[in-house]
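Here's the letter readout for the chains.
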2 protein chains.
Amino acid sequence: MSYIGRLYDPVLATDLYELTMAASYFREGKKGIATFSLHIRDYPPNRAYFVAAGLASFLEILGDFRFSGDAIDYLRSLGKFDEDFLSYLKSFRFTGSVRALPEGTIFFAQEPLVEITAPIIEGQILETIVMNTFHVETLIASKAARCVAAAGGRGLVDFSLRRTHGIDAGVKTARSSYLVGFLGTSNVLAGRLYGIPVFGTMAHSYITSFDREIDAFMAYARSFPENTVLLLDTYDTLKAAEKAVEVARYLENRGYRLRGVRLDSGDLVELSRRVKDIFVKNGMDYVSIMASGSLDEFALEELIKSGAHIDAVGIGTKLGVSADAPYLDLAYKLVEYEGKPILKLSPGKRTWVGRKQVYRYFDGRGQMSHDVLTLMEDKREGMPLLRDVVINGQILHNPTLDEARANFAEQFSSLPEEYRSIRPDVKYRVEIGEPLLRLEERVAREKLRDQLRG
Amino acid sequence: MSYIGRLYDPVLATDLYELTMAASYFREGKKGIATFSLHIRDYPPNRAYFVAAGLASFLEILGDFRFSGDAIDYLRSLGKFDEDFLSYLKSFRFTGSVRALPEGTIFFAQEPLVEITAPIIEGQILETIVMNTFHVETLIASKAARCVAAAGGRGLVDFSLRRTHGIDAGVKTARSSYLVGFLGTSNVLAGRLYGIPVFGTMAHSYITSFDREIDAFMAYARSFPENTVLLLDTYDTLKAAEKAVEVARYLENRGYRLRGVRLDSGDLVELSRRVKDIFVKNGMDYVSIMASGSLDEFALEELIKSGAHIDAVGIGTKLGVSADAPYLDLAYKLVEYEGKPILKLSPGKRTWVGRKQVYRYFDGRGQMSHDVLTLMEDKREGMPLLRDVVINGQILHNPTLDEARANFAEQFSSLPEEYRSIRPDVKYRVEIGEPLLRLEERVAREKLRDQLRG
């Protein structure tokens, strides 16, 4: 296997303790059915909702989850595992069931994003890859949705690959941002993998490699007459805009149109308005103005409020690392074992016991009003959010990215305005169903009593 | 190719514009030799130095940098590239040269981390993967070095995989933190790839799956008598410590020793001291106490100052996403083309022209005193930092991780204390060599004159 192939073996992408715990379960003959639940404990600053993402990647990994000979050899070399356990791993197949929020679903703190029910050893072995996969994709989808909200209908393109934390994060940023309505990405690999539209024209290096800026502009227009977006800020943005008019004229004479210009630094409000004036004055209102350079939802909102004339926006680093909130407090917890509800009491880390469902309710105008988190068996009238996606090891249905995108668009339109704000001061109401509340209290009482006994 | 294999094709992990620019260079017959320079523009908050990392990954990628048939087919499907250019890509091989800071080298803002000299089209095509690779590894190595500085000799283990931005970031976090002196990682894949020691024992889910905490502890001790670290905070940390004493007694009777206990929540200062007392009182001073749970260099410094009794520390999320500074202002700039120095004037984005070298100077006690950034041809006496690593497409030498680790350890010991502070208020002196300064000024004057001419 090549370096790159080995590098991304998702089966070994696990914390060692998942395997030591698995080995101990195996040795102790612990084969009971467990349910693990994945949820986000609380909101990072300025967040009032999350966007579910990561299920498609997880199902791809799960469908092919086998310990390779190379993996087994490596584990053997650690000297921690006996041959019985290693041959169990060799024949490992996931036989359990998975319930999950479809990608693009809007959800809230404390609500399960995924619940996995399987022999405990299987649910344990999957912990790290489940967390890693859902964490980054949900993080970025949630950040990207904020950019969409701030953009007020302007087209957004993901430019983040150069500063995402690795290639995997780059691909997942492109996918997660497209999921919530970005037009596309600069990331060619994401285009290849997911069929996402790819965008890109030129960088400063292209321009500086020519003696004169106009030479660079003209060379590019000759190479890509149908799709030229000129970068204006290498030397002097306004002078470059005048040169862009020349290029547009050249293209017009050949039956093409200059597609756009890009501003990547400086006072984008002032520059975008003056550049727009230049094109209007020259009868080239059609040239679209793209902005980029350290932008995020906060900068975008400010630009638009200040009257910048921007048609499209490239969003890079701050999206790709979710700069203002680079992680979520995501937890994967054992909530049921052999039919019994499970609770841990660690300070600040309480979880809701048992297998659960989330029901969503809407007001008269189709806007989301509140959710109810309750036990799975507490069937209700509202819209249930968790769906069966794997039953007894069989993957039922892995929605396409387009389906997920449509799901998000529909959900986002039913999320009341005050939650979509990029500085929300509201908290969505998640009621706890009576049966869940009662069970939780009973188990907590019992656990505390056990503790008092010692 | 499998999904996972395709997912990580580093050749397609590029911004589309690298390829459109390349196509335009190709069409225009622009084949001049270019030098691109990678540097960090400025320090994020609380940073006074960086640790170079990413070179090994980059050389692995470079050594196998070929456009696959699948990649070419995808690019053709975009309808942007002609067959001549696609066949050029098909036969693409890197023929240029690379000079770089060896991994583990301490460096500063404005200093080149890498310089690539090659036909412009080759240097351009590599831009995104160069940036992506060096960015994340340097980011994490620099963050991890801060943890090492704050730990005051205590052993550190990387626990970040569950919340890194994807698998790639997880592997790179494990490697980059080991590079700067971490003992190892929980990440099995990183262990497999780099031979890094792997650590891990149990999570809360293991304990809660048993009826009683003591049953879980005993089961684990039976499975791994030589390497048991008991997690104490599932219900009540101090009561769990008393149970750990029972387990230690059981192990002693069988000729083993309880290796340690781990505290993952609550008041770690108070708990660690009381847990330590319990072991001391029972003549088990040998049991080491590990802390984890939302730790970083800031929390660590505070814990140690407050007198926590901690022997080892697991550092997770905040390391793996470099939470207080999740990105670096890294730039890859064209600095020379066909022997001519190149400059762009974009506000706030000035770069130093030409091919460069960094010389380091030390004081009488072997401590770093200052660096000089100058043109390559301005040969000096000091220690040159950039080394030849690839010449005419041939990779010269890719140091091992152990060599890089030793390099860091040596460099770190010569970095004066005030820079190693996690809240430094000093700025390391990087002088600009006379010839570089003169050249920069000349080129800036010329560029401005060109601009005035229009």
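How each quantity is defined
Residues numbered from 1 in each chain as written. Chains lettered and ligands numbered in written order. Predicted model: local features only at pLDDT ≥ 70, side-chain atom pairs only at ≥ 80, totals over all residues. Heavy atoms only, no water. Helix = DSSP H or I, 4+ residues; strand = E, 2+ residues; numbered from the N terminus. Buried < 20%, exposed > 50% of the residue type's maximum accessible area, 1.4 Å probe, protein only. Contact = heavy atoms within 4.5 Å. Areas by Shrake-Rupley, 256 points an atom, 1.4 Å probe, with all protein chains shown as cover. pLDDT = per-residue confidence, 0-100. Salt bridge = Lys/Arg side-chain N within 4 Å of Asp/Glu carboxyl O. Axes fitted to C-alpha atoms, helices over the stretch in contact; angles between N-to-C directions. Parallel < 35°, antiparallel > 145°, perpendicular 65-115°, else oblique. Left-handed = near helix turned anticlockwise from the far one by under 90°. Nonpolar A, V, L, I, M, F, W, Y, C, P; charged D, E, K, R; others polar. Buried area = accessible area lost by both parts, 1.4 Å probe. UniProt positions renumbered as here; feature names shortened; annotations may be inferred. Core = buried A, V, L, I, M, F, W, Y, C linked by side-chain atoms within 4.5 Å. Domains from an automatic or database assignment. Pairing = 2+ DSSP bridges. Polar contact = N/O pair within 3.5 Å; in protein donor to acceptor, adjacent residues only side chain to side chain. Expected span 1.5 Å × (residues − 1). Phe/Tyr/Trp six-rings, centres within 6.5 Å; stacked < 30°, edge-to-face > 60°. Least-squares fit on C-alpha atoms with pLDDT ≥ 70 in both.

Draft legend 1. Structural context of the overall build of chain A. When its secondary structure is counted, chain A shows 17 helices and 19 strands. Expressed as lengths along the three principal axes of its C-alpha atoms, the size of chain A is roughly 85 × 55 × 35 Å. Burial analysis of chain A (454 residues in total) assigns 65% to the buried set. A fraction of 74% describes how many contacts in chain A between residues 6 or more apart in sequence connect residues 24 or more apart. Element-wise, carbon and sulfur atoms account for 48% of the exposed surface of chain A, whose accessible area totals about 15900 Å².

Draft legend 2. Summary view of the confidence of the model for chain A. Of the residues in chain A, 98% reach a pLDDT of 70 or more, and the chain-wide mean stands at 95. Our summary of model confidence lists the complex with pTM equal to 0.97 and ipTM equal to 0.97.

Draft legend 3. Spatial organisation of the pattern of salt bridges. Per the counting criterion, the structure on display carries 68 salt bridges over all chains. As a salt-bridge pair, Arg-76 of chain A and Glu-83 of chain A come within 2.7 Å of each other at their nearest N and O atoms. Residue classification places Arg-76 of chain A among the partly exposed positions, given a relative accessible area of 33%. Between Lys-340 of chain A and Asp-211 of chain B there is a salt bridge, and its shortest N-O distance comes to 2.7 Å. Highlighted residues: Lys-340 of chain A in strand S13 (residues 340-341) and Asp-211 of chain B in the loop between helix H9 (204-208) and helix H10 (213-223), drawn from two different chains. A residue is classified by how much of its surface remains accessible, and Lys-340 of chain A, at 41% relative accessible area, is partly exposed. Here Asp-211 of chain B falls in the exposed class, since its relative accessible area comes to 55%.

Draft legend 4. Local environment of the packing of helix H11 (residues 237-253) of chain A against helix H12 (residues 268-281) of chain A. Residue and element names in this part refer to chain A. Where H11 contacts H12, the axes come no closer than 10 Å and their chain directions differ by 25°. By the angle between their axes, H11 is roughly parallel relative to H12. As for how H11 packs across H12, the hand of that crossing is right-handed. Of the residues in H12, those touching H11 at Thr-237, Leu-238, Ala-241, Glu-242, Ala-244 and Val-245 are Leu-271, Arg-274, Val-275, Ile-278, Phe-279 and Lys-281. Looking at the contact of H11 with H12, its residues break down into eight nonpolar, one polar and three charged.

Draft legend 5. Spotlight on the interface of chain B and chain A. Each partner contributes to the interface: chain B provides 117 residues, whereas chain A provides 118 residues. When chain B packs against chain A, the two sides together hide about 10200 Å² of surface, and 57% of this comes from carbon and sulfur. Taken together, the connections running from chain B to chain A amount to 14 salt bridges. For the salt bridge of Glu-28 of chain A with Arg-222 of chain B, the shortest nitrogen-to-oxygen distance reads 2.8 Å.

Draft legend 6. Representation of the UniProt feature "domain: Nicotinate phosphoribosyltransferase N-terminal" (unreviewed entry) in chain A in the model. UniProt's feature table lists "domain: Nicotinate phosphoribosyltransferase N-terminal" (unreviewed entry) at residues 12-133 of chain A, given in the numbering used throughout. Helix and strand shares over residues 12-133 of chain A are 43% and 20% respectively, and the end C-alpha atoms of the span are 14 Å apart.

Draft legend 7. Up close: the nonpolar core. By size, the foremost hydrophobic cluster in this structure holds 322 residues, and its most contacted members are Phe-67 of chain A together with Phe-67 of chain B. Apart from residues no more than four positions distant in its own chain, Phe-67 of chain A is found in contact with Val-11, Leu-19, Ile-72, Leu-75, Leu-89, Phe-92 and Ile-125 of chain A.

Draft legend 8. Quick peek at the domain arrangement of chain A. All names here are of chain A. Per the domain assignment, the segments of chain A are domain 1 (3-142 + 325-453) and domain 2 (153-320). Computed over C-alpha atoms, the centres of domain 1 and domain 2 are 39 Å apart. Contacts between the two partners involve 20 residues from domain 1, matched on the other side by 18 residues from domain 2. Roughly 1800 Å² is buried in total at the junction of domain 1 and domain 2, and carbon and sulfur atoms are behind 61% of that figure.

Draft legend 9. Main features of the sheet that holds strand S11 (residues 312-315) of chain A. Residue and element names in this part refer to chain A. Reading across the sheet, the six strands line up as S7-S6-S11-S10-S9-S8 and stay open at both edges, with parallel pairing between neighbours. Looking at strand neighbours, the two that pair on one side only are strand S7 (184-185) and strand S8 (229-231), the edges of this open sheet. When S8 meets strand S9 (residues 260-263), the two strands line up parallel, connected through three bridges. Directly across from Val-229, in S9, lies its bridge partner Gly-260. Docked against the sheet, H12 engages S9 and strand S10 (288-291), running at close to 160° with respect to S9.

Draft legend 10. Representation of the environment of Glu-213 of chain A in the model. Relative to the helices and strands, Glu-213 of chain A is located in helix H10 (residues 213-223). When its relative accessible area of 3% is taken as the criterion, Glu-213 of chain A is described as buried. With 26 residues separating them along the chain, Glu-213 of chain A and Lys-239 of chain A place their C-alpha atoms 9.9 Å apart. Residues within four places of Glu-213 of chain A in sequence aside, it is in contact with Ile-207, Leu-231, Leu-232, Thr-234, Tyr-235, Ala-240 and Lys-243 of chain A together with Gln-451 of chain B. Looking at Glu-213 of chain A, its side chain comes within polar contact range of the side chain of Lys-243 of chain A, at 2.7 Å.

Draft legend 11. The UniProt feature "domain: Nicotinate/nicotinamide phosphoribosyltransferase" (unreviewed entry) in chain A, seen in detail. Listed under "domain: Nicotinate/nicotinamide phosphoribosyltransferase" (unreviewed entry) in the UniProt record, and renumbered for this structure, are residues 156-346 of chain A. Helix makes up 42% of residues 156-346 of chain A and strand makes up 16%, while its end C-alpha atoms are separated by 42 Å.

Draft legend 12. Layout of unusual backbone geometry. Non-glycine residue Asn-392 of chain A carries a positive phi angle of around 45°. Tracing the backbone through its elements, the reader meets Asn-392 of chain A in the loop between strand S17 (387-391) and strand S18 (394-395).

Draft legend 13. Helix H6 (residues 120-151) of chain A, seen in detail. All names here are of chain A. With 32 residues, H6 should cover 46 Å at 1.5 Å per step; its first-to-last C-alpha distance of 45 Å lies within 8% of that length. Counting buried positions along H6 gives 30 out of 32 residues, so the element sits mostly inside the fold. Positive backbone phi, at 50°, marks Gly-152, one or two positions downstream of H6.

Draft legend 14. Geometry of the packing of aromatic side chains. Residues and elements named next belong to chain B. Within this structure, the stated rule accounts for 42 aromatic pairs over all chains. Measuring from ring centre to ring centre gives 5.7 Å for Phe-58 and Phe-134, while their planes differ by 50°; the resulting arrangement is tilted. Of this pair, Phe-58 sits in helix H3 (residues 55-62) while Phe-134 sits in helix H6 (residues 120-151), and the two are 76 residues apart along the sequence. Assigned by exposure class, Phe-58 and Phe-134 land together as buried.

Draft legend 15. Seen up close, the relation of the copies chain B and chain A. For these two chains of identical sequence, chain B goes onto chain A by a turn of 180° and a shift of 0.0 Å along the axis, with RMSD 0.0 Å. Seen this way, the second copy is the image of the first under a two-fold rotation axis. In this assembly the copies share their binding face: 100% of the residues contributing to the interface of chain B also contribute to that of chain A.

Draft legend 16. Structural view of the sheet that holds strand S18 (residues 394-395) of chain B. Residues and elements named next belong to chain B. The sheet built from seven strands is open, its strands ordered S13-S12-S1-S5-S3-S17-S18 with antiparallel pairing. In this open sheet, the two strands that pair with only one neighbour each are strand S13 (340-341) and S18. Alignment of strand S1 (residues 33-40) against strand S12 (residues 330-337), held across seven bridges, turns out to be antiparallel. Within S12, the residue paired with Ser-37 across the bridge is Lys-333. Packing of H6 onto the sheet brings it into contact with S1, strand S5 (112-119) and S12, and relative to S5 it is tilted by some 160°.

Draft legend 17. Fine view of the environment of Met-376 of chain A. For Met-376 of chain A, the position within the fold is in the loop between strand S15 (368-375) and strand S16 (383-384). Note: C-alpha distance between Met-376 of chain A and Gly-152 of chain A (224 residues apart in sequence) is 38 Å.

Draft legend 18. Representation of H11 of chain A within the structure. Look at H11 of chain A: 24 Å from first C-alpha to last across 17 residues, which is about the 24 Å you get at 1.5 Å a residue. The complete set of buried residues in H11 of chain A reads Thr-237, Leu-238, Ala-240, Ala-241, Lys-243, Ala-244, Val-245, Val-247, Ala-248, Tyr-250 and Leu-251 of chain A. Of the surrounding elements, those touching the buried residues of H11 of chain A are H10, S8, S9 and H12 of chain A together with helix H17 (434-453) of chain B. Its side-chain oxygen placed 3.1 Å from the backbone nitrogen of Leu-238 of chain A, Asp-236 of chain A serves as the N-cap of H11 of chain A. Gly-255 of chain A, located one to two residues past H11 of chain A, shows a positive phi value of around 85°.

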